[in-house]
Structures are given as structure tokens and as C-alpha cells.
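This is what each chain is made of:
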Amino acid sequence: MKVQLKDITMRFENMTAVDRLNVTIEEGTLVSLLGPSGCGKSTTLFMLAGLYQPTEGELYFGDRIVNKIEPENREIGMVFQNYALYPHLTVLKNIMFPLKMAKIPKKEAEERAREMAALVQINHLLDRKPSQLSGGQQQRVAIARALVKKPKLLLLDEPLSNLDARLRLEMREEIRRIQQEVGITTIFVTHDQEEAMSISDKILLMQDGKKQQFSPPQDMYDYPENHFVAQFLGNPPINRLSVKLGEDLQTIVLPDTEDSLHLGAPLKSNGEVNMHYELGVRPEDFYIEPDLAKAGFTVETIMVERIGRDNLLYARLGQTNLRAIVSPDVKVNRGDMVKLAIRPGRTHLFDLSNGKNLLHHEG
Ligand SMILES: Nc1ncnc2c1ncn2[C@@H]1O[C@H](COP(=O)(O)OP(=O)(O)OP(=O)(O)O)[C@@H](O)[C@H]1O
Ligand SMILES: [Mg+2]
């Protein structure tokens, strides 16, 4: 089911938890709501669930406005962080519970519950009580229970945050598999960027109740529309250098050096030049330029650290610390001066007066 938020706003007394959100979620896709604590993710999900009524705006399920529809009539399934299974019921009875409430005959209810148990791969655990299950297994039961009424929308609020790192990894792949098998439109709340990057068709990144960007994960990573998006995604984080913009609007001058850099792409600027610009370069978008005559900027090596297949170079340019992912074949030592260059099309330039990324890139 297609879901649309039109100018959706939620205010609690004096504070605006969600601020004029406009988003269209296409049928059958998985969208992650991502952002720092308190940015309005759960509030948004609760409005979709019907637990909160938006202060303003319209919420569409398909072409129907559902603002006033009760949660039980919205055809949604929900899974929360704390599984919320009934401790006194067996796994099978837990999954059957929503059908029992809907007065579905017992035989049919049991059949459908077994089908769901097979989907989430817990058929061998049906007679156990929740306390006899691992966290991951409990979350599988919760997902089966959320899907058993064949809802049109699945809402997941940080469903993996009680699991240890390895199980999180396994369960996020499972959620994606189940979502694709059922083909259900799904909204997944997380504050974990890696989780959002790995399972989503699109990410809605929020801050202070406002949409920052709504894009497929790779687009968001490669073409961040603003400064917040650029620095929220990426580990190690994007490098940030405060720079001056040349009068030609085509070159930037790096801090504490005479080095300048041609931007190589037109600026999305309105022509107003102000004082505060920041160059953003992801660590993997640097490379060491052996030819000192070529464009780049000279940095001093602080430390080189092996990270898996690559090396992480810690360097300094004047007062600014930088991190670059470089090939382990390159031998550099503390104190060495090296020339860093940026891969073509991988430069970001932010206007700090409004945070916007001023460089035109694809996407
Ligand atoms: N019932 C409420 N009454 C008053 N303020 C609320 C209420 N629910 C949420 N808020 C406030 O709204 C803002 C958004 O809260 P929300 O729970 O949506 O954040 P979140 O993005 O889910 O955060 P987290 O990652 O910590 O779960 C917060 O500042 C929160 O304090
Ligand atoms: Mg929350």
C-alpha cells in the first residue's frame, strides 16, 4: 500500500516533534526513518499507527485519508523494540492472538499462524514460552504476530536494538528477506545508519522533526543535499575543512596553506558569496597523489592504522585533522608529507549559512 504524508505536523504543548513532513512511500518498499535521538522517528511512526493524531496535515493510505481512522482499522502490523510477547502464551498462541481477537475460527487461525511461523523460520519453537527463546527468536515471533492478519503496512520501531551485534546483523537481513517475500510496504525506525543503509529502498533522514533528505541509501551517501546529511552518514565520518571560496566561484583556498583547489563542477549558488564554506570529503574519496606537480594538497602524516584490507591515514593540514582510506601498498610513516587528491566528482562544498551542498552532482 502506498503511504503519503502531506505536511504532517505533530506538536506537544510548545514543542514541535514533527514539522511539516512531506513524503511518499511507494507500495512494497522498505523505508527507514533515520536520525538522532529525539528527531521525531517514533512520533512519526505512532501517527502512522494511529496512536497519535497529527496536529496538522493529511495522512494517506492509498488514496484514503486515515487521520481519523482507529489503529485497529488501519490494517497495520507493528513490532517494537521490546518484543511485547505475552509471557504466559506459547509461541503458537502468541502468533494466533490477533486472529483470535478478530474471531477467526481456531482451525484457520492455527493454520495461518503456522504459515507465518514457517515464514520467519520458527516452526520448531511453537510450543515454547517466550522466556525460553533467544532475543532474535522472540523478535521473529513478534514479526510473525505482526504479519498474521496480512496487514498492508508493517511498522517497526527499533526492532533490533535489544539484540547483540551479530544477531542484529542476522536479523536485519531476515527482516529484509521476509519483507521482500511478503512484498509488504514497511517502515523501519532506526538510529543506526549502517542498518538503514543496508536494508532500505529509501531512507528518510530527519533532524529536529524535519526531513533532511529522502533518497535511496547510496544516493544519500554519495550526494548529500546538506551538511547534516553528509556528516550523519559515514564511518569514519566525512572530513570537514573550512575553506574560502575564490572570486571566480570555481576555486577554493584551503585553510592555513596556499593550496587551492579547482572545484571542477558548477556551483548551485545564487551568486551571493559569504564567508562560511566547508569542504567535505569522505575518507575513501581521497587518494595519495605521487606526482607532486599535480593538483592536491600537502598534509603531514600523523599515524597510519591498518583497518581490514585498507590503511587509515591520519593526517594534518594546518589546524585540521583529516582521515583518508589508502591502499596498504602505499608506505607512509609518521611525519611524512604526502599529497592528497580527491577523486573526481567526489567533492562536496557546503554553504554554512544554510547547510546546502553547493556542488551539482548526479542524482
Ligand atoms: N507524548 C509526548 N509528549 C511530549 N513530548 C513528546 C512526546 N513524545 C515525544 N515527545 C518529544 O518529541 C520529540 C521526538 O520524540 P520521538 O520519540 O519521536 O523521537 P525519536 O526520534 O523516536 O527518538 P529515539 O531515537 O530516542 O527513540 C522529542 O523531543 C520528545 O521528547
Ligand atoms: Mg524512538
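Residues numbered from 1 in each chain as written. Chains lettered and ligands numbered in written order. Predicted model: local features only at pLDDT ≥ 70, side-chain atom pairs only at ≥ 80, totals over all residues. Heavy atoms only, no water.

*Asks:* Lay out the packing of aromatic side chains with the relevant residues and their values.
*Replies:* Scanning the entire structure with this criterion turns up 6 aromatic pairs. When the centroid spacing of 4.4 Å and the interplanar angle of 45° are considered together, the rings of Tyr86 and Phe97 count as tilted. Residue Tyr86 is located in the loop between strand S6 (76-79) and helix H2 (91-101), and its partner Phe97 is located in helix H2; the two are separated by 11 residues in the primary sequence. Residue Phe97 is classed as partly exposed on the basis of its relative accessible area, which comes to 22%. Linked through ring pairs, Phe12, Phe46, Tyr52 and Phe80 together constitute an aromatic cluster. Across from the ring centre of Tyr60, 4.4 Å away, lies the NZ or CZ of Lys6, which sits over that ring. We note Arg282 situated over the ring of Tyr221; from NZ or CZ to the ring centre the distance is 3.9 Å. (Phe/Tyr/Trp six-rings, centres within 6.5 Å; stacked < 30°, edge-to-face > 60°. Helix = DSSP H or I, 4+ residues; strand = E, 2+ residues; numbered from the N terminus. Buried < 20%, exposed > 50% of the residue type's maximum accessible area, 1.4 Å probe, protein only. Lys NZ or Arg CZ within 6 Å of the ring centre and 35° of its normal.)

*Asks:* Quick rundown of the domain arrangement of the protein? Include the residues and the values.
*Replies:* Each assigned domain of the protein is listed with its residue range as follows: domain 1 (3-226) and domain 2 (230-351). Distance between the C-alpha centres of domain 1 and domain 2: 39 Å. Domain 1 puts 12 residues into the contact, and the matching count from domain 2 is 10 residues. Both sides of the domain 1 and domain 2 interface together cover about 1,000 Å² of buried area, and 61% of this is carbon and sulfur. When the area that domain 1 buries against domain 2 is broken down by residue, the three leading residues are Gln193, Tyr221 and Pro224, summing to 53%. At the boundary of domain 1 and domain 2, one finds 1 salt bridge. Where Arg346 meets Asp222, a salt bridge forms, and the shortest distance between an N and an O atom there is 3.1 Å. Our enumeration of links across domain 1 and domain 2 arrives at 5 residue pairs in polar contact (both at pLDDT 80 or more). At 3 residues, helix H7 (residues 217-222) tops the list of elements feeding residues into the side of domain 1 that touches domain 2. Of the residues assigned to the side of domain 1 that touches domain 2, the class counts are 7 nonpolar, 4 polar and 1 charged. (Domains from an automatic or database assignment. Contact = heavy atoms within 4.5 Å. Buried area = accessible area lost by both parts, 1.4 Å probe. Salt bridge = Lys/Arg side-chain N within 4 Å of Asp/Glu carboxyl O. Polar contact = N/O pair within 3.5 Å; in protein donor to acceptor, adjacent residues only side chain to side chain. Nonpolar A, V, L, I, M, F, W, Y, C, P; charged D, E, K, R; others polar.)

*Asks:* Can you tell me about empty space enclosed by the protein, naming the residues and giving the values?
*Replies:* Here the structure, examined in full by the defined rule, presents 1 cavity of 30 Å³ or more. One number sums up the size of the largest cavity: a volume of about 40 Å³. Looking at the largest cavity, the residues that line it are Ile143, Leu154, Leu156, Ile175, Ile178 and Gln179. Looking at the lining of the largest cavity, the elements that each hand over two or more residues are strand S7 (153-157) and helix H5 (165-182). The element that contributes the greatest number of residues to the lining of the largest cavity is H5, accounting for 3 residues. Residue composition of the lining of the largest cavity, grouped by class: 5 nonpolar, 1 polar and no charged. (1 Å grid on protein atoms, 1.4 Å probe; cavity = no way out; pocket = protein on both sides within 12 Å on 5 of 7 lines; lining within 4 Å. Points joined across faces, edges and corners; volume = space filled by probe spheres on them.)

*Asks:* Any chance you could break down the packing of H2 against helix H4 (residues 135-147) for me, citing the residues and the numbers?
*Replies:* Their axes nearest at 7 Å, the elements H2 and H4 cross at an angle of 30°. In terms of their interaxial angle, H2 and H4 are classed as roughly parallel. Crossing angle aside, the handedness with which H2 passes H4 is right-handed. Along the contact surface, H2 presents Val91, Asn94, Ile95 and Pro98, while H4 presents Val141, Ala144 and Arg145. For the contact of H2 with H4, the class distribution of residues is 5 nonpolar, 1 polar and 1 charged. (Axes fitted to C-alpha atoms, helices over the stretch in contact; angles between N-to-C directions. Parallel < 35°, antiparallel > 145°, perpendicular 65-115°, else oblique. Left-handed = near helix turned anticlockwise from the far one by under 90°.)

*Asks:* An account of the environment of Gln137 is requested, with residue identities and associated values reported.
*Replies:* If you trace the backbone, Gln137 turns up in helix H4. Taking C-alpha positions, Gln137 is 9.9 Å from Val91, a pair spaced 46 residues apart along the chain. Setting aside residues up to four positions removed in sequence, Gln137 forms contacts with Ile122 and Leu125. Reaching out from Gln137, the side chain makes a polar contact with the backbone nitrogen of Ser134 at a distance of 2.9 Å.

*Asks:* Quick one: what's the story with the side chain of Thr9, residue by residue and with numbers?
*Replies:* Positionally, Thr9 belongs in strand S1 (residues 3-12). For Thr9, a relative accessible area of 1% corresponds to the buried category. Of note is the side chain of Thr9, whose polar atom sits 3.0 Å from the backbone nitrogen of Arg20. In this structure, Thr9 is in contact with Thr16, Val18, Asp19, Arg20, Met47, Pro54, Thr55 and Glu56, ignoring residues within four places of it in sequence.

*Asks:* Give a detailed account of the sheet that holds strand S4 (residues 56-61), specifying residues and quantitative values.
*Replies:* The strand order across the open sheet formed by 4 strands is S2-S1-S4-S5, and the pairing between neighbours is antiparallel. Bordering the open sheet on either side are strand S2 (15-25) and strand S5 (64-65), each of which pairs with just one other strand. Sheet topology note: the S4/S5 ladder contains 2 bridges and is antiparallel. Note that in S5 the partner of Tyr60 across the bridge is Ile65. Along the sheet face, helix H1 (residues 41-49) touches S1, S2 and S4 and points at about 115° away from the line of S1. (Pairing = 2+ DSSP bridges.)

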